[in-house]
Amino acid sequence: MKIGVFDSGVGGLTVFKYLEEVLPSYDYVYLGDNLRAPYGGRDDQTIYEFTRQAVDYLFKKENCQLIILACNTASASALRRLQQEYLPTLNDPHKRILGIIIPIAEAVPRLSKRGKIALIGTKATVKAESYDEEIAKAWGAVRPTEKMYLYKEAAPLFVPLVEEGLLKNRATKFLARQYLRPLKKHRPDTLLLACTHYPLLADLLAGIMGKSCRTILPGPIVAESLAEYLQRHTEIDELLSKGGSRRFLCTAPPQAFNNLSSRFLGYGVAAEQVLVG
Ligand code: DGL
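Cut-offs applied
- Residue numbers run consecutively from 1 along every chain, following the written order of its sequence.
- Local features in this predicted model are restricted to residues of pLDDT 70 or higher, and side-chain atom pairs are both shown and tallied only at a pLDDT of 80 or more, whereas totals for entire chains, interfaces and linings draw on every residue.
- Water and hydrogen atoms were dropped before computing side-chain values, which therefore reflect all heavy atoms in the structure.
- Only DSSP runs of H or I covering at least 4 residues are called helices, and only runs of E covering at least 2 are called strands; the numbering of each starts at the N terminus.
- The globule rule used here is 2.2 Å times the number of residues to the 0.38 power, and the radius of gyration it is set against is calculated over C-alpha atoms.
- Working definition: with a 1.4 Å probe on protein chains only, accessible area under 20% of the residue-type maximum means buried, over 50% means exposed, and in between means partly exposed.
- Pairs of residues are marked as contacts when any of their non-hydrogen atoms sit within 4.5 Å.
- The Shrake-Rupley method, run with a 1.4 Å probe, gives the accessible areas here. Residue values count only the displayed protein chains as cover.
- Two strands pair if DSSP finds at least two bridges between them.
- Axes here refer to lines fitted to C-alpha atoms; in helices the fit is confined to the stretch in contact. Angles between the N-to-C directions go from 0 to 180 degrees.
- An angle below 35 degrees is read as roughly parallel, one above 145 as roughly antiparallel, one from 65 to 115 as roughly perpendicular, and any other as oblique.
- The hand of a helix crossing depends on one turn: near helix anticlockwise from the far one by less than a right angle means left-handed, and clockwise means right-handed.
- Residue type decides the class: Asp, Glu, Lys and Arg count as charged, Ala, Val, Leu, Ile, Met, Phe, Trp, Tyr, Cys and Pro as nonpolar, and the leftover types, Gly among them, as polar.
- Each residue is tested against the molecule or strand, and it is near if at least one of its non-hydrogen atoms lies within 4 Å.
- N or O atoms closer than or at 3.5 Å make up a polar contact, with two conditions inside protein: a donor-capable atom paired with an acceptor-capable one, and, for residues adjacent in sequence, both atoms drawn from side chains.

(A) Just the overall build of the chain, in detail. In terms of helices and strands, the chain carries 13 helices and 10 strands. At 18 Å, the chain has a C-alpha radius of gyration in line with the 19 Å of a compact globule built from 277 residues. Per-residue burial over the chain gives 56% buried out of 277 residues. The contacts in the chain between residues at least 6 apart in sequence include a share of 78% that link residues at least 24 apart. A total accessible area of about 12,300 Å² is found for the chain, and carbon and sulfur atoms account for 51% of it.

This is the structure:
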């Protein structure tokens, strides 16, 4: 049985890249719903429905045992409902859907020097307040005597620009300066990239924030957290096949997906276009 990795598009590859590095022997299937991306401007019900269709496809058609929602938007808007309402319908107590917000939030107290955290994400992630709650919880547990401030901004146009591969375009640079300006005013020590598409713009964003601000990438944190999870849950690990295979699926014609993912992963990706939902 495989590990499924899901995102609305190419963004989840910034998590997948580290999963491959940390846990190379597993069999993976990546699904990007790029036909319907971006998800971040949609309402909770639509994000839930699209994500449910995607995970259903991965469980039923691709034989996945465990799925990582490598998407902050889906993790913030749909994860809890998927675990409570959808998973029980599969009648298999060993199927798992894991989100990425809790492991990232738990890393913040360790990574932020002064507790001044700037977060950029999609509109849905910023609105959902999952990060506010989880970071506050994690901070309180580790550094209870120190104050913590979270400043958030939505950066909705980054996702379509990244999907188009416009990583170094003038429009992308202009927007990056606009989106980060209100955050920079607070002089944060940490920039949390709370959308898996944004690490593809990490150098640009880090350059704008300056040397005194550290960028947190979701990928390495999520990969380490899955490795620990599989060590703790040997009953799930035993069900996962370890043939080292990789399979890439997307819902739009795959040319743009293939170009960007091949460049980013450093090997040729030939995704198959599939119909989900
Ligand atoms: N990559 C996704 C995230 O982490 C979402 C992008 C979108 O479709 O808006 O939030």
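(B) Here's a closer look at the environment of Leu-166. Mapped onto the secondary structure, Leu-166 falls in the loop between helix H8 (158-163) and helix H9 (170-184). A relative accessible area of 33% means that Leu-166 is categorised as partly exposed. Sequence spacing of Leu-166 and Glu-106 is 60 residues, and the spatial spacing of their C-alpha atoms is 32 Å. Residues in contact with Leu-166, not counting those within four places in the same chain, are Leu-161 and Thr-172.

(C) Quick look at the sheet that holds strand E8 (residues 214-216). Read from one edge to the other, the open sheet built from four strands follows the order E6-E5-E7-E8, with strand pairing classed as parallel. Here the strands that pair on one side only, and so sit at the sheet edges, are strand E6 (149-154) and E8. Neighbour-to-neighbour, the strand axes of this sheet turn through a mean angle of 25°, independent of strand direction. Direction of pairing for strand E7 (residues 190-193) relative to E8: parallel, over a ladder of three bridges. The partner of Leu-192 across the bridge, within E8, is Ile-216.

(D) Region of the structure containing the side chain of Asp-56. Among the structural elements, Asp-56 can be located in helix H2 (residues 44-60). You can call Asp-56 buried: its relative accessible area is 18%. When residues no more than four places from it in sequence are discounted, the contact partners of Asp-56 are Lys-61, Tyr-86 and Leu-90.

(E) Quick look at the packing of helix H1 (residues 13-22) against helix H11 (residues 218-232). The geometry of H1 relative to H11 is characterised by a closest axis approach of 8 Å and an angle of 45° between their N-to-C directions. As the angle between them shows, H1 and H11 are arranged oblique. With respect to the hand of their crossing, H1 and H11 are arranged in right-handed fashion. For the pair formed by H1 and H11, the contact residues are Thr-14, Val-15, Tyr-18, Leu-19 and Val-22 on the first element and Gly-219, Pro-220, Val-222, Ala-223, Glu-224, Leu-226 and Ala-227 on the second. Taken together, the residues of the contact of H1 with H11 break down into nine nonpolar, two polar and one charged.

(F) Expanded view of the site of the ligand. What surrounds the ligand is a group of 13 residues, the closest being Ser-8, Tyr-39, Gly-40, Thr-73 and His-197. Asp-7 has a polar side-chain atom sitting 3.0 Å from a nitrogen atom of the ligand. About the coverage of the ligand: the protein hides 99% of its 300 Å² of free accessible area.

Take it as geometry only, folks, not as evidence of what the structure does.
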